[in-house]
Amino acid sequence: MSDTERQTATEPTVASRDDPLLRVEGLTKHFPNDEGFLSWLQLRPGDGDGLVDLGREWVRAVEDVSFEIYEGETLGLVGESGCGKSTLARTILQLIEPTDGSVYFRGEDLAAMDGETLRRNRRDIQMIFQDPQSSLDPRMKVGKIVEEPMRAHGMYDESGREARARELLSKVGLDPQHYNRYPHAFSGGQRQRINLARALSVNPDFVVCDEPVSALDVSIQAQVLNTMRELQAEFGLTYLFIAHDLSVIRHISDRVAVMYLGQLVELAEKEELFENPQHPYTRALLESIPVPDPRVEGTRGVLEGDVPSPIEPPSGCRFRTRCPELIAPSAFELTDEEWAQVRQFTRSVTRHSFELAGANAIRAEFFGPRLPDGEAGRIVSRAIDLLVDDRWDEAAALLTESFTDPSICARERPRYEVPAEYGSGRHVAECHRHREDGSGR
Ligand SMILES: Nc1ncnc2c1ncn2[C@@H]1O[C@H](COP(=O)(O)OP(=O)(O)OP(=O)(O)O)[C@@H](O)[C@H]1O
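Residues numbered from 1 in each chain as written. Predicted model: local features only at pLDDT ≥ 70, side-chain atom pairs only at ≥ 80, totals over all residues.

Caption draft 1: Structural view of the overall build of the protein. A tally of helices and strands in the protein yields 16 helices and 15 strands. Across the protein, the fraction of contacts at a sequence separation of at least 24, relative to all contacts at a separation of at least 6, is 70%. (Helix = DSSP H or I, 4+ residues; strand = E, 2+ residues; numbered from the N terminus. Contact = placed C-beta atoms within 7 Å.)

Caption draft 2: The sheet that holds strand β6 (residues 100-105), seen in detail. With respect to topology, four strands assemble into an open sheet ordered β4-β1-β6-β7, the strand pairing being antiparallel. Only two strands of the sheet have a single partner each, and these edge strands are β4 (58-69) and β7 (108-109). (Pairing = 2+ DSSP bridges.)

Caption draft 3: How the structure looks around the nonpolar core. Counting 83 residues, the largest nonpolar core has Leu 240, Phe 241, Ala 257 and Val 258 as its most contacted members. Apart from residues lying up to four places away in sequence, Val 258 is in contact with Val 78, Gly 79, Leu 264, Val 265, Glu 266, His 279, Tyr 281, Thr 282 and Leu 285. Ranked by size, the runner-up nonpolar core spans 13 residues in total, among them Ala 376, Leu 387, Ala 395 and Phe 403. (Core = buried A, V, L, I, M, F, W, Y, C linked by C-beta atoms within 7 Å. Buried ≥ 20, exposed ≤ 12 C-beta atoms within 10 Å, placed from the backbone.)

Caption draft 4: Representation of the site of the ligand within the structure. As a matter of local geometry, the ligand sits amid 13 residues, with Phe 31, Ala 61, Ser 81, Ser 86 and Thr 87 nearest to it. Contributing elements (two or more residues each) for the shell around the ligand: β4 and α3 (85-92). Ranked by residues supplied to the shell around the ligand, first place goes to α3 with three residues. (Near = placed C-beta within 6 Å.)

Caption draft 5: Helix α8 (residues 218-235), seen in detail. Taking 1.5 Å per residue, 18 residues should reach 26 Å; α8 reaches 26 Å between its end C-alpha atoms and fits that length. Residues of α8 that are buried: Gln 221, Val 224, Met 228 and Leu 231. Down the axis of α8, the sector holding all buried residues measures 95°, keeping them to one side. Of the exposed residues in α8, the ones pointing more than 90 degrees away from its buried face are Ser 219, Ala 233 and Glu 234. Where α8 is buried, its residues contact α6 (158-171), α7 (188-200) and α9 (246-252). (Expected span 1.5 Å × (residues − 1). Arc of directions from axis to C-beta.)

Caption draft 6: Structural detail: the domain arrangement of the protein. What the domain assignment lists for the protein is domain 1 (7-32 + 57-280) and domain 2 (328-406). Computed over C-alpha atoms only, the centres of domain 1 and domain 2 are separated by 47 Å. (Domains from an automatic or database assignment.)

Caption draft 7: Highlighting the packing of helix α5 (residues 142-152) against α7. As a packed pair, α5 and α7 sit with axes 7 Å apart at the nearest point and diverge in direction by 35°. For the pair α5 and α7, the crossing hand works out as right-handed. Each of Val 142, Ile 145, Val 146, Glu 148 and Pro 149 in α5 lies in contact with α7, whose residues at this interface are Ile 194, Ala 197 and Arg 198. Residue composition of the contact of α5 with α7, by class: six nonpolar, no polar and two charged. (Axes fitted to C-alpha atoms, helices over the stretch in contact; angles between N-to-C directions. Left-handed = near helix turned anticlockwise from the far one by under 90°. Nonpolar A, V, L, I, M, F, W, Y, C, P; charged D, E, K, R; others polar.)

Caption draft 8: Examining the environment of Arg 343 more closely. By the element assignment, Arg 343 lies in helix α12 (residues 336-350). Taking the C-alpha atoms as reference points, Arg 343 and Pro 324, 19 residues apart in sequence, are found 8.5 Å from one another.

Caption draft 9: Inspection of the packing of helix α14 (residues 374-388) against helix α15 (residues 392-404) at higher detail. As a packed pair, α14 and α15 sit with axes 8 Å apart at the nearest point and diverge in direction by 165°. Between α14 and α15, the angle is such that the two are roughly antiparallel. Judged by the sense of rotation from one axis to the other, the crossing of α14 with α15 is left-handed. On α15, the residues that touch Ile 379, Arg 382, Ala 383, Leu 386 and Leu 387 of α14 are Trp 392, Glu 394, Ala 395, Leu 398, Leu 399 and Ser 402. (Parallel < 35°, antiparallel > 145°, perpendicular 65-115°, else oblique.)

Caption draft 10: Main features of the confidence of the model for the protein. Residues at a pLDDT of 70 or more form 87% of the protein, whose mean pLDDT is 88. In the model, residues 1-17 has pLDDT below 50 throughout and makes 32 contacts with residues more than four positions away in sequence or in other chains. Low confidence marks residues 291-301, where pLDDT is under 50. Its contacts with residues over four positions away, or in another chain, come to nine contacts. In the model output, the complex is listed with pTM 0.87 alongside ipTM 0.97. (pLDDT = per-residue confidence, 0-100.)

Caption draft 11: Local environment of unusual backbone geometry. Non-glycine residue Arg 106 carries a positive phi angle of around 45°. In this structure Arg 106 comes out as partly exposed when scored by C-beta crowding, with 14 C-beta atoms within 10 Å. A positive phi angle is found at Leu 261, which is not glycine, with a value near 45°. Mapped onto the secondary structure, Leu 261 falls in the loop between β11 (255-260) and β12 (263-269). Of the residues examined, Leu 261 has 26 C-beta atoms within 10 Å and is grouped as buried.

Caption draft 12: Structural view of the environment of Ser 170. As for its placement among the helices and strands, Ser 170 is situated in helix α6. Remark: the alpha-carbon pair of Ser 170 and Ala 197, spanning 27 residues in sequence, is separated by 8.9 Å.

Caption draft 13: Broad picture of α15. Along α15, the positions that sit buried rather than exposed are Ala 395, Ala 396, Leu 399, Ser 402, Phe 403 and Thr 404. Take α15 and look down its axis: the buried residues cluster within an arc of 150°, on one side only. Pointing more than 90 degrees away from the buried face of α15 are the exposed residues Asp 393 and Glu 401. Considering only its buried residues, α15 is in contact with α12, α14 and α16 (408-411).

Printed below as a string of structure tokens:
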């Protein structure tokens, strides 16, 4: 990449040279894993007032996440269930205390604010949740629900609040005459509109939307998303928009961040991310979008294996245990085909995913007519001997130690910025495949 290209690639996307509205730096959240007898045993009363941590287990829900959001944009955050999206959102909002890292809102560290300053800033930062049903008090009339945050922040007098609530109901596409109705009289989509009106009542600058349309019928989703877009333009809002559904993310976002097992693996402008994805996980996610053609059934490209536990995430790149593009250790000189065979064999042995047969049959099934040359072939041969003796775990350990652990993917966390093909924004792809064409971050 030339200097000019690199310079362009590091510039922000929207509101280009302005300072970000929100800057998240190295944000980390670990929860104690207190489920079960073992973790109870691992805690003992200490000398002081607390408990001594004797090897307590931690759920590493969010790990060293950094990104920026610029005024007026929507950053979409996408990832599978359990990857840490909600925890990230709640930690940003200081609803839960970060284990490490900082969140700067308009350049000020939210964690360092005293109670009153944080309270004032909270007015500027609102959140809407997935379930519009449970977040609305069924005993309160809709008008009062919308007025509640204004009352909490001492905004307007009674009649001023009512006038604003009615105006907001109309802005979000509801009938202001319904001010005196109760939430149960509204459909799911309408209830989410009530939530929107409530969030906007205190005139925030930044709204964190945690799966706001996931509980709605697909036909309603687009309408609510369009309203959110219109409100964004009218009120100058900035959104962090969380969803597990890529088509929703595509509809609403300007830039997209992809999360996997507590970390961001890719971040780019929307078009760049969808047209030129550079992380194998993003590519797998994109390939698993249901194809909108009734003649094509089901989904494609579903990933192999399960997401590892966030209690013991893989070293290096967290996606490497499922990655179809794991990089071969430099000690071996393998062709691409041989490395693909070794990887497939290692995965299958680790997962016990085939029936045991004789050595020749195993060899033929995974390697065809001949094993790789040299040391790699000798290791594979030893592993096959162990399998023939039904020593699966030893074979798996040998293959993992020889082929997986020495891979750069297992040793270092990847941090690369790659040249963007679409638009002029930064494109971050945390994959070691880019160690030559990308610039380190
Ligand atoms: N209070 C908690 N204590 C322990 N573990 C937690 C806690 N909250 C979340 N986790 C764990 O942290 C990980 C991330 O959870 P989180 O809810 O943030 O993911 P998510 O991507 O928002 O998923 P979903 O879309 O299903 O809500 C999960 O493994 C979850 O079990």
